[in-house]
Amino acid sequence: MVVRLSCGAISGVDAFRVDLEVDYSRQGMPSFVMVGLAEGAVREARERVLKALQNSSFRIPPGRITVNLAPADRRKEGTAYDLPLALGLLAAAGVIPEECLKPWFFAAELSLDGRLKPVPGALALALLARSEGARGVLVAPENGQEAAMAEGVETFTPRTLGEAVAFLTGNAELAAVCPEPPSEDRDDLLDLADVKGHEKAKRAMEIAAAGAHNLLFIGPPGSGKTMLARRMPGILPPLDREEALEVTKIYSVARLLNGRGLVTVRPFRTPHHSDSSVAIIGGGVPPHPGEVSLAHRGVLFLDELPEFQRQALEVLRQPLEQGRVFISRAAYAVSYPADFMLLAAMNPCPCGYSTDPRHTCTCSAQAVARYRARLSGPLLDRIDLHVEVPAVSYEELQTSHAGPSSAQVRERVVRARQIQTDRYRGTPCRTNADLSGRMLEEYCRLGREEREFLGNAVNALALSARAYTRILRVARTIADLDGAAELSLAHIAEAISCRVLDRGQS
Ligand SMILES: [Zn+2]
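A few points on the structure. (Residues numbered from 1 in each chain as written. Predicted model: local features only at pLDDT ≥ 70, side-chain atom pairs only at ≥ 80, totals over all residues. Heavy atoms only, no water.)

Moving on, we come to helix 21 (residues 489-497). One turn of the α-helix equals 3.6 residues, which is why residues spaced by three or four share an orientation. What helix 21 keeps buried is the set His491, Ile492, Ala495 and Ile496. Looking down the long axis of helix 21, one finds its buried residues gathered within 135 degrees of arc, a one-sided arrangement. Where the residues of helix 21 are buried, they touch helix 19 (448-460) and helix 20 (465-482). (Buried < 20%, exposed > 50% of the residue type's maximum accessible area, 1.4 Å probe, protein only. Helix = DSSP H or I, 4+ residues; strand = E, 2+ residues; numbered from the N terminus. Arc of directions from axis to C-beta. Contact = heavy atoms within 4.5 Å.)

Right, dumping it as structure tokens:
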């Protein structure tokens, strides 16, 4: 007899439907064959499942067993097929009726003693179950909150195979998982009000957040670049539900949810310059998302930017341009979302102190030039703002007031973003950082005086055409923060001041 159950396989961060078919016959020599591009852990499912059945006091009489995972031309990995396989065997051998399995999707690993264990991608699977019109999903308790975030399907979390069978056959009741209201974890976020001084850098952060611009801090060691960067997620607009689901799906597949439901705070990721490009971009076997995807809808912070390997920086180009990464290996091709804000920091010179009045810089001019040249041009091209973060003097720390709180800055950022949303509705642009070509001309029109002023600055500072474009974009954001329709001299002057690398020496 052939029994068919619904489950799902993960590709990237989404699930596709897999039908698990079990054929069982008492005729012939007992055997167990698994077909349908099952990889690694899936092939080992047989051992785990047979032991789990035995230890849960279920008896399957010896027979010829064939298991097929359809569609057979797509790879299936991981341990999520353990539970459906066990249930399929029970139904095929006539221990439980097949009918009771029909309305459900199943995803859980089984331990040898029959307990359900969590698997990556439970939210994606629950979303698949919903789109397939299933009644609900059966997952391990640790995956319950996550799966319950897919509204519209029921989530049940039996602790053991025995409980699952009792529930499905109507011999025991289970309560459906109630999704916990997403907690606003904003308390954990560091506040901008804790940082004294650094007015210029804080203002640059506000502009970057308002226009979704990428930002580079340049300053001596210990000047507070990292401390400032960590406060960026707190001034970005809150994640909306759709974005929160996107981020949660990524963290689920990466096994980083740890039993939580929805991720509600924008991610802040800090890969180290010694990390491999696989760690940064994703990949590996089985494939997993990299730092660029874990930073999706949040911030990717690269400290000591010139220390990163050139290759690692080159691979950032695709996500920065397309908001996604595509990874092709011999065994697979996957893509992951990777739409993040790039925040980077660097010292002004190899020793770090060329802009610090309290230290003497020991670097030769050539050494400084070589150091700067390590930044990849195409990457630098994607960074609209570069500002200096000077060492704050003791006097300044004593006298300066706490600035505005992150909540106050975020309010202004949200207002400026709303202006952009309204203005770019129906266009390919979402924020000012996306402006280019004809749209840049249309939305950054300059008056005669403003054009002359910018022209003079371009000549005096020997700015490139690219720098010109970026100044206009940033000026547009500054005007939006100001609530101004037209770009003024002040907007342009401030935008120019946020481009220190254009001036050779900072
Ligand atoms: Zn130096």
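With that settled, consider the packing of helix 20 against helix 21. Two numbers describe how helix 20 lies on helix 21: the axes approach to 8 Å, and their chain directions differ by 125 degrees. The angle between helix 20 and helix 21 falls in the class oblique. Of the two elements, helix 20 crosses helix 21, and the hand of that crossing is right-handed. Across the interface between the two elements, Ile471, Val474, Ala475, Ile478, Ala479 and Asp482 from helix 20 touch His491, Ile492, Glu494, Ala495 and Ile496 from helix 21. (Axes fitted to C-alpha atoms, helices over the stretch in contact; angles between N-to-C directions. Parallel < 35°, antiparallel > 145°, perpendicular 65-115°, else oblique. Left-handed = near helix turned anticlockwise from the far one by under 90°.)

All right, on to unusual backbone geometry then. Between Ala70 and the following residue, Pro71, the backbone shows a cis peptide bond with an omega angle of 5 degrees. Checked against the element boundaries, Pro71 lands in the loop between strand 4 (64-70) and helix 2 (82-92). Geometrically, the link from Val285 to Pro286 is a cis peptide bond, its omega value of -10 degrees lying close to zero. Its location among the elements puts Pro286 in the loop between strand 12 (282-283) and strand 13 (288-289). The backbone of His198 sits at a positive phi, close to 55 degrees, despite the residue not being glycine. Following the sequence through the fold, His198 ends up in the loop between helix 5 (161-168) and helix 6 (199-211).

What follows covers the coordination of the zinc ion. At the metal site, the zinc ion is ligated by Cys349 (SG), Cys351 (SG), Cys361 (SG) and Cys363 (SG), and these contacts range over 2.1 to 2.4 Å. Metal-centred angles of 103 to 112 degrees between the four donor atoms at the zinc ion mark the site as tetrahedral. Spacing between the donor residues of the zinc ion along the chain follows C-x1-C-x9-C-x1-C. Of this pair, Cys349 sits in the loop between strand 17 (341-346) and helix 14 (365-373) while Cys361 sits in the loop between strand 17 and helix 14, placing them twelve residues apart in sequence. Accessibility expressed as a relative area gives 0% for Cys349, which makes it buried. (Donors = N, O, S within 2.8 Å, 3.2 Å for Na, K, Ca; no water. Tetrahedral: all angles 85-135°; square planar, octahedral: opposite > 155°, others 65-115°.)

By themselves, these are just geometric observations and shouldn't be taken as functional.
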